[in-house]
Amino acid sequence: MDWKNIKASKHTTSRLVMFRYLSRSPLVILTRFTINMEALLSSGIKKAKQIVKQRIEDTEYQTDLTSIQNMAVRSFVKNLMEPAKYLTALEAKGSRRAFTLARCLALPSAELEGKYKNTPFAERLCSCPLREIETIEHMFFTCPLYEAAHKEIIFPLMESIPRRSEGKRLEFLLSDADTKITCQVARFCVMILRLRKLNANQL
Ligand SMILES: [Zn+2]
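Everything quoted here is computed from the prediction, not taken from an experiment.

Caption draft 1: The overall build of the chain, seen in detail. A tally of helices and strands in the chain yields 11 helices and 0 strands. Classification of the 203 residues of the chain by burial places 32% in the buried group. For the chain, restricting intrachain contacts to residue pairs at least 6 apart in sequence, the fraction spanning at least 24 positions comes to 53%. Total accessible area on the chain is roughly 13600 Å²; 56% of this is exposed by carbon and sulfur atoms.

Caption draft 2: Fine view of the coordination of the zinc ion. Within the first shell, the zinc ion binds the protein through Cys126 (SG), Cys128 (SG), His138 (NE2) and Cys143 (SG), at distances of 2.1 to 2.4 Å. Considering all 4 donor atoms around the zinc ion, the spread of angles at the metal, 104 to 115°, places the coordination shape in the tetrahedral class. In the primary structure, the donors to the zinc ion are separated according to the pattern C-x1-C-x9-H-x4-C. Here Cys128 falls in the buried class, since its relative accessible area comes to 0%.

Caption draft 3: Quick peek at unusual backbone geometry. One non-glycine residue, Arg131, adopts positive backbone phi at about 55°. For Arg131, the position within the fold is in the loop between α7 (110–117) and α8 (136–142). Even without being a glycine, Asp176 presents a positive backbone phi close to 65°. Here Asp176 is to be found in the loop between α10 (166–173) and α11 (179–202). Its relative accessible area of 6% is what places Asp176 among the buried residues.

Caption draft 4: A look at the packing of helix α9 (residues 147–157) against α11. Contact pair α9 / α11: the axes reach a minimum separation of 10 Å and the direction vectors enclose 150°. What the angle tells us is that α9 and α11 run roughly antiparallel. For the crossing formed where α9 meets α11, the hand is left-handed. Judged by residue contacts, Ala149, His150, Glu152, Ile153, Ile154 and Leu157 of α9 engage Ile181, Gln184, Val185, Arg187, Phe188 and Met191 from α11. Of the residues in the contact of α9 with α11, the class split is 8 nonpolar, 2 polar and 2 charged.

Caption draft 5: Summary view of the packing of aromatic side chains. Enumeration over the complete set of coordinates arrives at 4 aromatic pairs. Pairwise contacts between aromatic rings join Phe140, Phe141, Tyr146 and Phe188 into one cluster. In this structure, Arg169 packs its charged tip against the face of Phe141, placed 4.7 Å from the ring centre.

Caption draft 6: Seen up close, α7. Among all positions of α7, only Ala110, Leu112 and Gly114 are buried. Where α7 is buried, its residues meet α11. Immediately downstream of α7, the backbone of Asn118 shows phi near 55°, a positive value.

Conventions used here
- Residues numbered from 1 in each chain as written.
- Predicted model: local features only at pLDDT ≥ 70, side-chain atom pairs only at ≥ 80, totals over all residues.
- Heavy atoms only, no water.
- Helix = DSSP H or I, 4+ residues; strand = E, 2+ residues; numbered from the N terminus.
- Buried < 20%, exposed > 50% of the residue type's maximum accessible area, 1.4 Å probe, protein only.
- Contact = heavy atoms within 4.5 Å.
- Areas by Shrake-Rupley, 256 points an atom, 1.4 Å probe, with all protein chains shown as cover.
- Donors = N, O, S within 2.8 Å, 3.2 Å for Na, K, Ca; no water.
- Tetrahedral: all angles 85-135°; square planar, octahedral: opposite > 155°, others 65-115°.
- Axes fitted to C-alpha atoms, helices over the stretch in contact; angles between N-to-C directions.
- Parallel < 35°, antiparallel > 145°, perpendicular 65-115°, else oblique.
- Left-handed = near helix turned anticlockwise from the far one by under 90°.
- Nonpolar A, V, L, I, M, F, W, Y, C, P; charged D, E, K, R; others polar.
- Phe/Tyr/Trp six-rings, centres within 6.5 Å; stacked < 30°, edge-to-face > 60°.
- Lys NZ or Arg CZ within 6 Å of the ring centre and 35° of its normal.

In short, shape yes, function no, at least from these values alone.
This is the structure we're talking about:
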């Protein structure tokens, strides 16, 4: 069989592979691409060339596919394994803890505690005079117990995003996109935890 007359594939990768293998013995090529020698010999020259060409293209396609999948997985794992910025930016353990609780929507609140105590949703009220359900949004934006901290910390941070819903504002504050904002929000979360602990001790 005239191996050197096998025309190169239109795919660059396959052309390179064919060039590499055409300089080797036919047996090496057949072994590398697991082509059955007997089947090849029983085919005519035209058919045999087609078989070899097709097998090389199929093999290279699978190799490329695996390589792309590996790249995608590596990129995904890198993003997944990379720690969030705030874990290093917030040096104080208490700040990291408070901000993490807020990011996970796990800051202590009547709404959260009510979930575990099976308290009806409408009865998960804040102790402040507004008598609203104590959600994390309530604590961040409307609760008078934190009014001073709202004015000092939270409201100035939201000047760049006027007229957004509470959900969007909370998402912005906890996004950890800007370390300066993250540090301020962490300060506010620490204050929430301290005040709640103080109130709990007084009961
Ligand atoms: Zn309140």
